[in-house]
Amino acid sequence: MAGVLKGDTVILKDQKEGSQLYNRGNYGYPLSGGGIELDLIEATYLVECNRLTVTHNGKERPFEYLFSYSSSNYDEFDIKYIVYRDIRQRGFVVKNESGDFDMAVFPRGMTLSNSRPQYYLKAVSERTAFDISTFRENVKETNNKGKQLLYGVVDEEGDLTYYIMSTKDPVGFIDSEPEGKALGIVVRDRVFVFDRKDSELLRSSAFYGKMISDVLQLSLIESCHLMEKGILKVVTADGDCVTLDELKASGREFQDEFDLRLRAFSDLRRRGLVVKTGFKYGTHFRVYEKSPDDCHARYLVHSVSGTNRTMWPEISRAVRLSGGVKKEILFCRVTDRTEYMEFKWFRP
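Residues numbered from 1 in each chain as written. Predicted model: local features only at pLDDT ≥ 70, side-chain atom pairs only at ≥ 80, totals over all residues. Heavy atoms only, no water.

(A) Representation of the overall build of the protein chain within the structure. Helix and strand content of the protein chain: 10 helices and 24 strands. A compact globule built from 348 residues would reach a C-alpha radius of gyration of about 20 Å, whereas the protein chain, at 28 Å, exceeds it by more than 25%. Overall, the protein chain is about 90 × 35 × 30 Å in size when its C-alpha atoms are taken along their principal axes. For the protein chain, the proportion of its 348 residues judged to be buried stands at 49%. In the protein chain, of all internal contacts separated by at least 6 residues, the share reaching a separation of at least 24 is 55%. Put simply, the protein chain shows about 17800 Å² of open surface, and 46% of that area lies on carbon and sulfur atoms. In the protein chain, 51 side chains carry a positive charge and 52 a negative one; their mean positions are 4 Å apart. (Helix = DSSP H or I, 4+ residues; strand = E, 2+ residues; numbered from the N terminus. Rg over C-alpha atoms; globule rule 2.2 N^0.38 Å. Buried < 20%, exposed > 50% of the residue type's maximum accessible area, 1.4 Å probe, protein only. Contact = heavy atoms within 4.5 Å. Areas by Shrake-Rupley, 256 points an atom, 1.4 Å probe, with all protein chains shown as cover. Lys, Arg positive; Asp, Glu negative; His and termini not counted. Charge placed at Lys NZ, Arg CZ, Asp CG, Glu CD.)

Written out as structure tokens, the structure is:
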């Protein structure tokens, strides 16, 4: 099949050849009067597969020419081409998109005429920096259209990793807070509850803190949350009362983004979940749906600001680690409200 490169498209005027590519291969866009128009990614791929020859300025051009030409006329063409090529070779029909998404991916084995897109796909380099609010908007848009959001991340060697992006609504089974008021003593970055009845109040049904011998140890985040609920009174070793604002100020000295973490912690507790430190997993929290004595943590949760910016290697590490310990990684975006986004490794 032969096409002519014109600007940012390749034109096949032969009606029979164009019909074959469009109807059987799901390539291109029909032109009035016959023939089809291919975008540069489609044309380059077909040239690489030896299914198309392309002429430009009266000369037949090889794959290398078309790839270089396209790269100079198409922003991040190399990244998008690698992703397009991989998805096509996996048996999916792919159509390039304009706007917020790079490609629409149709179910494997289906065609343009008998199906609708299953995924909207964004092709990105591993070196791409992004902010979490972009994910929120992209997920919202794809959900509104009844699609799933898929990211294809290309590393420096051209290898691909895919991630499914979605929102999550985590809910647990701890449906009430303790009734009563306990007394705790603050020592540096921890609060200790020495009275056995007070320890039992916080520990038995709500699973706050950790027992060290006969003493209940609370983190500053747990303590601030309990003070906000009116369940805990905190004093110094000398017996002086500590206000909530003073305890929060102490927390900010010991822990980065303390207020952000506290907001996420309180929201997770409100949802009936048991929240423990996620330090050994490299995240802020590990989260249980019910008693930690009866189940494993289902989620790892990392709290981020509404304008958080990060890099793909950080996402990759978090997803890989959570998968290795059989947990789900959630990013809790904290603004005037809290919302949860899930990054899940995906194999097309």
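(B) Looking closely at the state of the cysteines. One pass over the structure, following the stated rule, counts 0 disulfides. Here C295 stays free of any disulfide, with the sulfur of C332 as its closest cysteine sulfur at 20 Å. (Disulfide = S-S within 2.5 Å.)

(C) Expanded view of the pattern of salt bridges. What the rule picks out here adds up to 23 salt bridges. One salt bridge connects D267 with R270, and the closest N-O pair in it is separated by 2.7 Å. Taken together, the residues span about one helical turn, with D267 and R270 both in helix α9 (residues 258–270) at a distance of 3 residues. The buried category is assigned to D267, whose relative accessible area is 8%. Its salt-bridge partner being E289, residue R298 comes within 2.9 Å of it at the nearest N-O pair. Judged by relative accessible area, R298 falls into the partly exposed class, the value being 30%. A single network of salt bridges, built from pairs that share partners, joins K168, E289, R298, E328, E342 and K344. (Salt bridge = Lys/Arg side-chain N within 4 Å of Asp/Glu carboxyl O.)

(D) Main features of the sheet that holds strand β13 (residues 182–187). Spatially, the 6 strands line up as an open sheet ordered β15-β16-β14-β13-β17-β18, and their pairing is mixed. Only two strands of the sheet have a single neighbouring strand rather than two, namely β15 (210–212) and β18 (241–242). Strand direction decides the pairing type here: strand β14 (residues 190–193) and strand β16 (residues 215–219), joined by 4 bridges, are antiparallel. If you follow V193 over to β16, its bridge partner there is L216. (Pairing = 2+ DSSP bridges.)

(E) How the structure looks around the sheet that holds strand β24 (residues 338–346). The 10 strands lie next to each other as β7-β8-β9-β11-β12-β24-β23-β21-β20-β19, forming an open sheet whose pairing is mixed. In this open sheet, the two strands that pair with only one neighbour each are β7 (94–96) and β19 (274–277). Across the sheet, the mean angle from the axis of one strand to that of its neighbour is 30°, orientation sign disregarded. As defined by bridge partners, strand β11 (residues 148–154) adjoins strand β12 (residues 160–168) across 6 bridges and the pair is classed as antiparallel. For Y151, the partnering residue across the bridge sits in β12 and is Y163. Each of β7, β8 (103–105), β9 (119–125), β11 and β12 touches helix α4 (residues 77–89); the most contacted strand, β9, lies at about 135° to it. (Axes fitted to C-alpha atoms, helices over the stretch in contact; angles between N-to-C directions.)

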